[in-house]
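# Summary of the model geometry
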Amino acid sequence: VLTVLGETERFGAICANRCSVSELIEEGGRAAGVRVRDELGGGEFDLRAETVVNATGVWADRLRPTELHEEAEVPVIRPSRGTHLTIARSTLAVDAGVIVPAGGGRSIFVLPWLGRTLVGTTDRDYEGDLTHVAPDVEDIDYLLNAVNEFFGSAIERADLTGAYAGVRPLISTGDPKKSVDISRKEELYETSSGMLTITGGKLTTWRRMAQLTVDRLVEREGREAPCRTREIPLGLPAEPGELPAIDGVDRESLALLAHRYGHAANEVLRVARSEPALARRIVPDLPDLLAEVVIAARYEQASTIADVLLRRTRLGLLDGPRLSERGSEEVRAVGEVLGGELGWDKSALGAAIDDWHRTADAEGIAPPGSSPPR
Ligand SMILES: Cc1cc2nc3c(=O)[nH]c(=O)nc-3n(C[C@H](O)[C@H](O)[C@H](O)COP(=O)(O)OP(=O)(O)OC[C@H]3O[C@@H](n4cnc5c(N)ncnc54)[C@H](O)[C@@H]3O)c2cc1C
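Residues numbered from 1 in each chain as written. Predicted model: local features only at pLDDT ≥ 70, side-chain atom pairs only at ≥ 80, totals over all residues. Heavy atoms only, no water.

## So, the overall build of the chain
- In terms of helices and strands, the chain carries 12 helices and 12 strands.
- For 374 residues, the compact-globule estimate of 2.2 N^0.38 gives 21 Å, and the chain sits close to it at 22 Å.
- Across its three principal axes, the chain shows a C-alpha extent of roughly 60 × 50 × 45 Å.
- Contacts spanning at least 24 positions in sequence make up 60% of the contacts within the chain whose residues lie at least 6 apart.
- Carbon and sulfur atoms make up 51% of the accessible area of the chain, which totals about 19,600 Å².
- Side-chain charges in the chain split into 44 positive and 60 negative, and the spacing between the mean points of these groups amounts to 2 Å. (Helix = DSSP H or I, 4+ residues; strand = E, 2+ residues; numbered from the N terminus. Rg over C-alpha atoms; globule rule 2.2 N^0.38 Å. Contact = heavy atoms within 4.5 Å. Areas by Shrake-Rupley, 256 points an atom, 1.4 Å probe, with all protein chains shown as cover. Lys, Arg positive; Asp, Glu negative; His and termini not counted. Charge placed at Lys NZ, Arg CZ, Asp CG, Glu CD.)

## Things to note about the packing of helix H11 (residues 329–342) against helix H12 (residues 346–363)
- Relative orientation of the contacting elements H11 and H12 amounts to 130 degrees, with a least axis distance of 10 Å. In terms of orientation, H11 and H12 fall into the oblique class. Here H11 runs over H12; the crossing is right-handed. Facing Val331, Arg332, Gly335 and Glu336 of H11, the residues of H12 in contact are Leu349, Ile353 and Trp356. (Axes fitted to C-alpha atoms, helices over the stretch in contact; angles between N-to-C directions. Parallel < 35°, antiparallel > 145°, perpendicular 65-115°, else oblique. Left-handed = near helix turned anticlockwise from the far one by under 90°.)

## Quick look at the pairing of strand E1 (residues 19–27)
- Here 8 bridges tie E1 to strand E2 (residues 30–38), and the two strands are oriented antiparallel to one another. By the bridge assignment for E2, Cys19 is matched with Asp38.
- Counting the residues in the hairpin turn of E1 and E2 gives 2 residues, including Gly28, whose phi is positive at 60 degrees. (Pairing = 2+ DSSP bridges.)

## Topic: the site of the ligand
- Within the structure, the ligand sits among 17 residues, and Val21, Gly201, Lys202, Leu203 and Thr204 are positioned closest to it.
- Here an oxygen atom of the ligand sits 2.9 Å away from a polar atom, N or O, in the main chain of Leu203.
- In this structure, Thr204 approaches the ligand through a side-chain N or O atom, which is 2.8 Å from an oxygen atom.
- Burial of the ligand by the surrounding chains reaches 62%, relative to a free accessible area of 1,000 Å². (Near = heavy atom within 4 Å. Polar contact = N/O pair within 3.5 Å; in protein donor to acceptor, adjacent residues only side chain to side chain.)

## Regarding a nonpolar patch on the surface
- A cluster of nonpolar side chains, Val1, Leu2, Leu5 and Leu203, forms an exposed patch at the surface whose accessible area comes to about 410 Å².
- Among the secondary structure elements, Val1 is positioned in the segment before helix H1 (2–10). (Patch = residues over 30% accessible without salt bridge, like charges linked within 9 Å, V, L, I, M, F, W, Y side chains within 5 Å. Salt bridge = Lys/Arg side-chain N within 4 Å of Asp/Glu carboxyl O.)

## Overview of the side chain of Thr121
- Checked against the element boundaries, Thr121 lands in the loop between strand E8 (116–120) and strand E9 (124–125).
- The class for Thr121 is buried, based on a relative accessible area of 14%.
- Separated by 3.4 Å, the side chain of Thr121 and the backbone oxygen of Thr83 make a polar contact.
- Within polar-contact distance, the side chain of Thr121 engages the side chain of Arg168 at 3.3 Å.
- Residues contacting Thr121, with those up to four places away along its chain left out, are Gly82, Thr83, His84, Arg106, Ile108, Phe109, Leu143 and Arg168. (Buried < 20%, exposed > 50% of the residue type's maximum accessible area, 1.4 Å probe, protein only.)

## With respect to the sheet that holds strand E4 (residues 53–54)
- Across the sheet, 3 strands lie side by side as E4-E12-E11; this open sheet has mixed pairing. Edge positions in the sheet fall to E4 and strand E11 (187–190), since each has one partner strand and no second.
- Relative to strand E12 (residues 196–199), E4 runs parallel, the two being bridged by 2 bridges. Of the residues in E12, the one forming a bridge with Asn54 is Thr197.

## Observations regarding unusual backbone geometry
- Residue Thr121 is reached from Gly120 by a cis peptide bond, and omega for that bond is -10 degrees.
- Of note in this structure, Arg18 is not a glycine but carries a positive phi near 60 degrees.
- With respect to the helices and strands, the residue Arg18 is situated in the loop between H1 and E1.
- Residue Arg18 is classed as partly exposed on the basis of its relative accessible area of 27%.
- Phi at Leu114 takes a positive value of approximately 50 degrees, unusual for a residue other than glycine.

## Regarding the domain arrangement of the chain
- Taken domain by domain, the chain consists of domain 1 (2–76 + 174–231), domain 2 (77–171) and domain 3 (240–363).
- Between the C-alpha centres of domain 1 and domain 2 the distance comes to 30 Å.
- Tallying the contact residues gives 17 residues for domain 1 and 10 residues for domain 2.
- The contact between domain 1 and domain 2 buries some 1,200 Å² in all, and 64% of this surface belongs to carbon and sulfur atoms. (Domains from an automatic or database assignment. Buried area = accessible area lost by both parts, 1.4 Å probe.)

## Topic: the nonpolar core
- Membership of the largest hydrophobic core comes to 48 residues, with the highest contact counts inside it found for Leu290, Val293, Ile305, Val308, Leu309, Val334 and Trp356.
- Those elements giving two or more residues to this core turn out to be helix H5 (251–261), helix H6 (265–274), helix H7 (291–299), helix H8 (305–312), helix H9 (315–318), H11 and H12.
- Top contributing element to this core by residue count: H7, with 6 residues.
- Once you skip the residues sitting within four places of it in the chain, Trp356 turns out to touch Ile305, Ala306, Leu309, Leu310, Gly316, Leu323, Val331 and Ile365. (Core = buried A, V, L, I, M, F, W, Y, C linked by side-chain atoms within 4.5 Å.)

## Observations regarding H6
- Three or more residues of H6 are buried, namely Ala265, Val268, Leu269, Val271 and Ala272. Down the axis of H6, the smallest arc covering the buried residues is 155 degrees, so these residues share one side.
- On its buried face, H6 sits against H5 and H7. (Arc of directions from axis to C-beta.)

## Structural notes on the pattern of salt bridges
- For the structure on display, the rule yields 34 salt bridges.
- When the shortest N-O distance is used, the salt bridge between Arg124 and Asp139 registers 2.7 Å. Of this pair, Arg124 sits in strand E9 while Asp139 sits in helix H3 (residues 137–151), and the two are 15 residues apart along the sequence.
- Overall, Arg124 belongs to the partly exposed group, its relative accessible area being 37%.
- One salt bridge connects Glu341 with Arg298, and the closest N-O pair in it is separated by 2.9 Å. In this pair, Glu341 sits in helix H11 while Arg298 sits in helix H7, placing the two residues 43 residues apart along the sequence.

If you want it as structure tokens, here you go:
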């Protein structure tokens, strides 16, 4: 996602994190922009635009619900929760993806992922708060049972290195009896204000969703402008062997940096070289570097420890029990580097660490019964 956003900036897009749209601005019954809340600095401002595209995933029918549901008969979006587990490779290692039969006639997958083994996923209706979606204990046990039966292992919740859940936007027919008809395909709606809403779909169908939206806009405006998304490569790839050798940065870290940033890994390594303390790993057994915290703040709009540990690196999901522990040295180190970039004083750092622990608890990244490695 970050690479896609970086690429859009090259084409002139302005990406603004922590800005939430609170309402649509209308002029003469037509969508003419949005009112935006600045979630960091406080306050609101208006953004004027000729076209408004609502691509807010599982939240899509929260903006203008009446217009969407009643005027345009847009079906209700039904969130479905998917739970995932991470496991140390010393407990369960796979070198390729494995499809594992699970209860209820479903299958789950087991994959090598960022130095751990990833197990997922479940698919169940979800009705709770969409801000933080914690893994369900029943779902965790369902996944563990399937894994243990298939691999002949005896992995328990105490062995997990993390767990996380998310909600998919499924388009509901509104009739629970027709749940088999619930579509996972993307849908584009044009409603009475002229706002376009694109939702449903998959992570892997993002180019098709973009094309569907752009083609509709071009057609509506009677322009000749074929969508070019399929011609645009993402980022600039780099091989680990092409990256410079830096004291304290091992081959595993170089491989991760090449995979995550491509050519831009050179910038991470420049930071690591300029300050050797930043060439250190964030947690002992995973290759992510403290220098990445600087990159997240400077180039990726990270403004909280959760941004860094959950959405820039994925360490919170891979080492949840350790990073959820109160007094964690690793969390403090991340906070100090991030605070150095963002100008935090001692009390802002303390507040940021407290805020991280509240988020980590709400996200449920330390599964019940797990404990930090000693
Ligand atoms: C557990 C799980 C596993 C999945 N596995 C796969 C998979 O293996 N393969 C696959 O292809 N897909 C997978 N998906 C589906 C995929 O993640 C989603 O379909 C995809 O993220 C939808 O993309 P989107 O851009 O429409 O919405 P999102 O990715 O949800 O993005 C919507 C964005 O809008 C923002 N937003 C919401 N409201 C507002 C507002 N008012 N103002 C400003 N911003 C707002 C949100 O913060 C969010 O960043 C999975 C989903 C889950 C939950």
